[in-house]
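Spelled out from the first residue to the last, the chains are:
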Amino acid sequence: MKGIVFPGNDRAELREFQDPEPRYGEVVVGVRASGMCGSDLHAYHAPAADGQERVIQGHEPCGVVEKIGEGVPSHVAQVGDRVMIHHYWGCGTCSECRSGWSQLCTSMEPRISSVNEHGGHASMIKVPAAQILPLPDELSFKAGAAIACGTGTAWGALLRLGDVGGKTLVVVGQGPVGASATMLGVALGARVIAVDLSDARLHKALRFGADAVINPANEDVADAVRRLTGGTGAELMMETSGNSRGAQSGIDSLAIWGRGCFVGVGADVHFNTRDTLRRQLTLLTSWTMSTVEQMRCARFVMERNLPVDDLFTHTWSLGDAEDAYRWFSEQTDGKGVFVP
């Protein structure tokens, strides 16, 4: 089979790999959709490193079970099952793994699709059977791919923030994660203020139900939020851009007793206690979601009939890897997906 790799220095290439065969406790999933995630760009932009090009990229795969290894009970997997994939796995027995947080495994270095295990930008992917999750029939494979990371990451961060219903939520960054947070936040009853430098992304945020949008190129974010909230600031904030200035604007937008959650990778977050202590702020981080919450997110999207498929603006074949990542690296549009 063929799979997409990152040789380094802003390059994406299609290479030949052996078809995967499941070992004990494993399954092979035929990939029907594999989403592009903003975190891909850290590896895409990185300098060339020895062995880096040997790992297939893509950690948002979704598809159909094609092969089943020994030791996998029929109630766990059957050929033809439509499944999402939780793209981390660990020892399976520590307290974090048992609670569905295998990315936090305390007994071994977690295995991560596209980092130290082959990912989903290929026609097939092999994973432990414990990491496949049922995809509701009502959801498309593209929706399942989004929920596997970007949309699921937004869901996990909203859970960290707590009850968002009836509160004002500022979402800094309207890439795939931020747009998902806008969509989910509105569905959970929040008044969402979306922030981004791209007018196209802000227009989509309004389509997803945002109450107001702010472009930092045109106005100060914190001043605009105070104007929109009668001078108080926002009760809640989620930072998804990974931009240090965006992170600071999010902190500055919070009201007294405000809660902020940082999701975007790469931002340097600084705060001076003279400016924050007397506001009694709670600042959190969030890293994707557990297997349990991935399934709950899928059910929530299905039950509310949320337009997760509309996150995707571009569909690519594997052979389009170079063009796809050149486009995606601009980060001015929506989400891309490979359909092998």
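For the structure itself, look to the data block above.
So, here's what we can say about the structure. Counting from 1, residues in each chain are numbered in the order their sequence is written. Owing to the predicted nature of the model, reporting of local features is limited to residues with pLDDT of at least 70; listing and counting of side-chain atom pairs is limited to 80 or more, with chain, interface and lining totals taken over all residues. The basis for the side-chain values is all heavy atoms of the structure; hydrogens and waters are excluded.

1. Some details on the packing of aromatic side chains
Describing an aromatic ring pair means giving the distance of the ring centres and the angle of the ring planes. This is how the line gets drawn: In this analysis, rings of Phe, Tyr and Trp, with Trp reduced to its six-membered ring, are considered paired at centre separations within 6.5 Å, and the interplanar angle assigns stacked below 30 degrees, edge-to-face beyond 60, and tilted for intermediate values. Numbering of helices and strands starts at the N terminus; helices are DSSP runs of H or I of at least 4 residues and strands are runs of E of at least 2. Using a 1.4 Å probe on the protein chains alone, a residue whose accessible area is under 20% of its type maximum counts as buried, one over 50% counts as exposed, and one in between counts as partly exposed.
Per the stated rule, a full pass over the model turns up 9 aromatic pairs. For the ring pair Trp155 and Phe300, a centre distance of 5.0 Å and an interplane angle of 45° mean the geometry is tilted. Taken together, the residues Trp155 in helix H4 (residues 150–161) and Phe300 in helix H10 (residues 291–304) connect sequence positions 145 residues apart. Overall, the relative accessible area of 9% leaves Phe300 in the buried class. Ring centres 6.3 Å apart and planes at 80° place the aromatic pair Tyr325 and Phe328 in the edge-to-face group.

2. A short note on the nonpolar core
Under the convention used in this document: Take the buried residues of types Ala, Val, Leu, Ile, Met, Phe, Trp, Tyr and Cys, join any two whose side-chain atoms come within 4.5 Å, and each joined set is a nonpolar core. Any pair of residues with heavy atoms lying within 4.5 Å of one another is described as a contacting pair.
Residues Leu139, Leu169, Leu184, Met238, Val301 and Val308 are the most contacted members of the largest nonpolar core, which totals 41 residues. Elements that contribute at least two residues to this core include exactly helix H3 (141–147), H4, strand S10 (168–172), helix H5 (176–187), strand S13 (234–239) and H10. Excluding residues within four positions of it along the chain, Val301 makes contact with Leu139, Ile147, Leu184, Leu306 and Val308.

3. Looking at the packing of helix H7 (residues 221–228) against helix H8 (residues 244–253)
For clarity, the threshold we go by: Note on geometry: axes are C-alpha line fits, over the in-contact stretch for helices, and angles between N-to-C directions span 0 to 180 degrees. Roughly parallel covers angles under 35 degrees, roughly antiparallel covers those over 145, roughly perpendicular covers 65 to 115, and oblique covers all other angles. Left-handed describes a crossing whose near helix is turned anticlockwise from the far helix by less than a right angle; the clockwise case is right-handed. Residue classes follow a fixed rule: Ala, Val, Leu, Ile, Met, Phe, Trp, Tyr, Cys and Pro count as nonpolar, while Asp, Glu, Lys and Arg count as charged, and any other residue, Gly among them, counts as polar.
Packing of H7 against H8 leaves a shortest axis separation of 8 Å and a crossing angle of 30°. Between H7 and H8, the angle is such that the two are roughly parallel. Handedness of the crossing formed by H7 with H8: right-handed. Here H7 contributes Val221, Ala222, Val225 and Arg226 to the contact with H8, which in turn contributes Ser249, Asp252 and Ser253. A class-by-class count of the residues in the contact of H7 with H8 yields 3 nonpolar, 2 polar and 2 charged.

4. Quick word on the pairing of S10
What counts, and what does not: Should DSSP find at least two bridges between two strands, the strands are taken to pair. Here a crossover is taken to be right-handed if, once the strands point away from the viewer, the path from the first strand over the helix to the second is traced clockwise.
Across the 5 residues of S10, 5 count as buried, placing the element largely inside the fold. Residues Thr168, Val170 and Val172 of S10 are buried on one face, and the alternating residues Leu169 and Val171, pointing to the opposite face, are buried as well. Strand direction decides the pairing type here: S10 and strand S11 (residues 191–195), joined by 5 bridges, are parallel. Considered in S11, the bridge of Val170 is made with Ile193. Viewed along the sheet, the connection from S10 through H5 into S11 turns out right-handed. With 4 bridges connecting them, S10 and S13 associate as parallel partners. Bridge pairing links Leu169 to Leu236 in S13.

5. Comments concerning the layout of surface pockets
For clarity, the cut-off: Put simply, the grid is 1 Å and covers the protein atoms alone, a cavity is a trapped set of points that fit a 1.4 Å probe, a pocket is an open set with protein on both sides within 12 Å along at least five of seven lines, and lining residues have an atom within 4 Å of a point. Grid points are joined across faces, edges and corners, and a volume is the space filled by probe spheres set on the points.
Considering only enclosed or pocket space, the second largest pocket measures out at about 270 Å³ in volume. When grouped by side-chain class, the residues that make up the lining of the second largest pocket number 8 nonpolar, 3 polar and 5 charged.

6. Looking at helix H6 (residues 199–207)
As a reminder of what qualifies: When we speak of the arc, we mean the arc of directions from the helix axis to the C-beta atoms.
Of the residues making up H6, those classed as buried are Arg201, Leu202, Lys204 and Ala205. Seen from one end, H6 has its buried residues packed into an arc of 160°, which puts them on one side. Turned more than 90 degrees from where H6 packs its buried face, Asp199 and His203 sit exposed. Residues of H6 that are buried in the fold lie against H5, S11, strand S12 (212–214) and strand S16 (312–316). Backbone geometry just after H6 places Gly209 at a positive phi near 110°.

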